[in-house]
Amino acid sequence: MSENCPFCDRKQFEERLIAKTEGFYIIATLGQITDSGYVLLFPVEHTLCMGALSREQTSTMLGLAKKICSALTQKYKLEQARQSLYPITLFEHGIVGQTIKHAHLHLLPTILDLTQKIQDDFPESKIEELQYASHLQELYRKRPEPYLYWGSGEENNSKARVCWNPNAPAQYLRIITAQALNRPERANWRQMDAELDRKLWTETVKRLRPHFNG
């Protein structure tokens, strides 16, 4: 636990809590870019980024991510489910671009290809395609540097990627996601319309909590 960390203090996200399971929290995020269904997965133990997780934690995280994908597919009846087993976009600010210094994986019920935008924005940063589920953690153990991590269920771009040492601003991946969805006004979670956001994250909790607690 770390003092003053919002993700180390359950009281700060209790209303948005979907599940606590296997050493991880699943919550509805503030700043719902999609029309609900946008969640965060993060370890109970204070950890700087997902790349720093142990092998055991990584295995657990990946299993939970699959469960979240399944829940989103079922509860939102996603049209993209016809194209992909897991029709979602996920990403993480690996230390760079974080507004909360506690590892958290973003999962959204939509398919987006963010690769070209990231390549264009950081042409001097090395981008690697991840070959298997725990590849990020193995790479991070060898080079514990800031990174951006992203992936989607799109058939032609299904492998996740990591961009090392980009000079990314705060909330960068949220910003380009909101732009891709034509909702730039939802990019900064601190500035999103509070009434609308509460409606959307409440809907997220309502739909997804029974999947994990039923």
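Just so we're clear, the structure is a prediction, and the values are computed from it rather than from any experiment.

Chemist: Explain the packing of aromatic side chains to me, and be specific about the residues and the numbers.
Modeler: Inspection of every chain in the model, using the stated rule, returns eight aromatic pairs. Look at Tyr147 and Trp164: their rings are 5.9 Å apart centre to centre, the planes differ by 65°, and that puts the pair in the edge-to-face class. Remark: Trp164 occurs in strand S8 (residues 161-164) and Tyr147 occurs in strand S7 (residues 147-152); sequence separation between them is 17 residues. Accessibility expressed as a relative area gives 0% for Tyr147, which makes it buried. Here a set of aromatic residues connected by ring pairs shows up, and it is made of Phe7, Phe13, Tyr25 and Phe42.

Chemist: Describe in detail the pairing of strand S1 (residues 17-21), supporting the description with residues and values.
Modeler: With four bridges joining them, S1 and strand S2 (residues 24-28) adopt antiparallel strand pairing. Note that in S2 the partner of Thr21 across the bridge is Phe24. Counted between consecutive antiparallel strands, the loop separating S1 from S2 contains two residues, among which Glu22 sits at a positive phi close to 55°.

Chemist: Help me get a handle on helix H3 (residues 135-142), residues and values and all.
Modeler: Taken together, the buried positions of H3 are His135, Leu136, Gln137, Leu139 and Tyr140. Against the buried residues of H3 lie helix H1 (55-76), strand S4 (89-94), strand S6 (127-129), S7 and S8.

Chemist: A description of the packing of H1 against helix H5 (residues 194-213) should follow, citing residues and the corresponding values.
Modeler: Where H1 meets H5, the closest approach of the two axes is 10 Å, and the angle between their N-to-C directions is 120°. Classified by the interaxial angle, the pair formed by H1 and H5 is oblique. The interaxial crossing formed by H1 with H5 has right-handed handedness. Across the interface between the two elements, Lys67, Ile68, Ser70, Ala71, Leu72, Gln74, Lys75 and Tyr76 of H1 pack against Glu203, Thr204, Arg207, Leu208, His211 and Phe212 of H5. Residues belonging to the contact of H1 with H5 are distributed by class as follows: six nonpolar, four polar and four charged.

Chemist: How would you sum up the sheet that holds S4? Please name residues and give values.
Modeler: Sheet strands pair by backbone hydrogen bonding; their relative direction is either parallel or antiparallel. As summarised here, the arrangement of the eight strands in space is S1-S2-S3-S5-S4-S7-S8-S6, forming an open sheet in which the pairing is antiparallel. Each edge of the sheet is formed by a strand with only one pairing partner; in this case those strands are S1 and S6. Each neighbouring strand pair of the sheet contributes to a mean axis angle of 15°, computed without reference to strand direction. Alignment of S7 against S8, held across four bridges, turns out to be antiparallel.

Chemist: Can you tell me about the layout of surface pockets, naming the residues and giving the values?
Modeler: Its boundaries defined by the atoms lining it, the second largest pocket holds a volume of some 280 Å³. As for the second largest pocket, its lining consists of 19 residues, of which Phe7, Thr29, Leu40, Ile100 and Trp189 are closest to the centre. Residues that form the lining of the second largest pocket fall into these classes: eight nonpolar, nine polar and two charged.

Chemist: Go over the environment of Cys8, please, and point to the residues and values.
Modeler: Locating Cys8 in the fold gives a position in the segment before S1. Note on Cys8: relative accessible area 12%, which makes it buried. Separated by 52 residues in the primary sequence, Cys8 and Thr60 place their C-alpha atoms 19 Å from one another. Each residue touching Cys8, except ones within four places of it in the same chain, is listed here: Met1, Ser2, His46 and His102.

Chemist: If you had to explain the nonpolar core to someone new, which residues and values would you point to?
Modeler: By size, the foremost hydrophobic cluster in this structure holds 36 residues, and its most contacted members are Ile18, Leu41, Ile68, Leu107, Tyr147 and Tyr149. Setting aside its immediate chain neighbours within four residues, Ile18 contacts Ile26, Ile27, Ala28, Val39, Thr204, Val205, Leu208, Arg209, Phe212 and Asn213. Formed by 28 residues, the second largest nonpolar core is a distinct cluster that contains Phe7, Cys8, Tyr38 and Leu173.

Chemist: I'd love a proper account of the pattern of salt bridges, names of residues and values included.
Modeler: Across all of its chains, the model carries ten salt bridges by this definition. Close ionic contact of Glu129 with Arg161 constitutes a salt bridge, the shortest N to O distance being 3.0 Å. Taken together, the residues Glu129 in strand S6 and Arg161 in strand S8 connect sequence positions 32 residues apart. Glu129 gets classed as partly exposed once you look at its relative accessible area, which sits at 34%. Among the ionic pairs, Arg143 bridges to Glu145, the shortest N-O distance being 2.9 Å.

Thresholds applied
The residue numbering used here restarts from 1 in each chain and proceeds along that chain's sequence as written. It should be noted that, the model being predicted, local features are given only for residues of pLDDT at least 70 and side-chain atom pairs only at 80 or more, the latter also being counted only at that level, while totals for whole chains, interfaces and linings use all residues. To get the side-chain values, take all heavy atoms of the structure and skip hydrogens and water. Stacked, edge-to-face and tilted labels apply to pairs of Phe, Tyr and Trp rings (six-membered ring for Trp) whose centres lie within 6.5 Å, assigned for plane angles under 30 degrees, over 60, and everything in between, in that order. Secondary structure elements follow DSSP: runs of H or I of four or more residues count as helices, runs of E of two or more count as strands, with numbering from the N terminus. Think of it in three bands: with a 1.4 Å probe and only protein chains considered, a residue is buried below 20% of the maximum accessible area for its type, exposed above 50%, and partly exposed in between. Being paired, for any two strands, means DSSP has found at least two bridges between them. Here, two residues are considered to be in contact whenever any of their heavy atoms come within 4.5 Å of each other. Geometry is summarised by axes, namely lines fitted to C-alpha atoms with helices restricted to the contacting stretch, and by angles between N-to-C directions that run from 0 to 180 degrees. Note on angle classes: values under 35 degrees are labelled roughly parallel, values over 145 roughly antiparallel, values of 65 to 115 roughly perpendicular, and the remainder oblique. For any helix crossing, the convention is left-handed if the near helix is rotated counterclockwise from the far helix by under a right angle, and right-handed if that rotation is clockwise. Amino acids outside the nonpolar list (Ala, Val, Leu, Ile, Met, Phe, Trp, Tyr, Cys, Pro) and the charged list (Asp, Glu, Lys, Arg) are all regarded as polar, and Gly is one of them. Both cavities and pockets are sets of points on a 1 Å grid over the protein atoms alone; in a cavity a 1.4 Å probe fits but cannot get out, in a pocket the set is open with protein on both sides within 12 Å along at least five of seven lines, and lining residues sit with an atom within 4 Å of a point. Grid points are joined across faces, edges and corners, and a volume is the space filled by probe spheres set on the points. Nonpolar cores are built from buried Ala, Val, Leu, Ile, Met, Phe, Trp, Tyr and Cys residues. Side-chain atoms within 4.5 Å join them into one set. By convention in these notes, a salt bridge is any Lys or Arg side-chain nitrogen within 4 Å of a carboxyl oxygen on Asp or Glu.

Keep in mind these numbers describe shape, not what the thing actually does.
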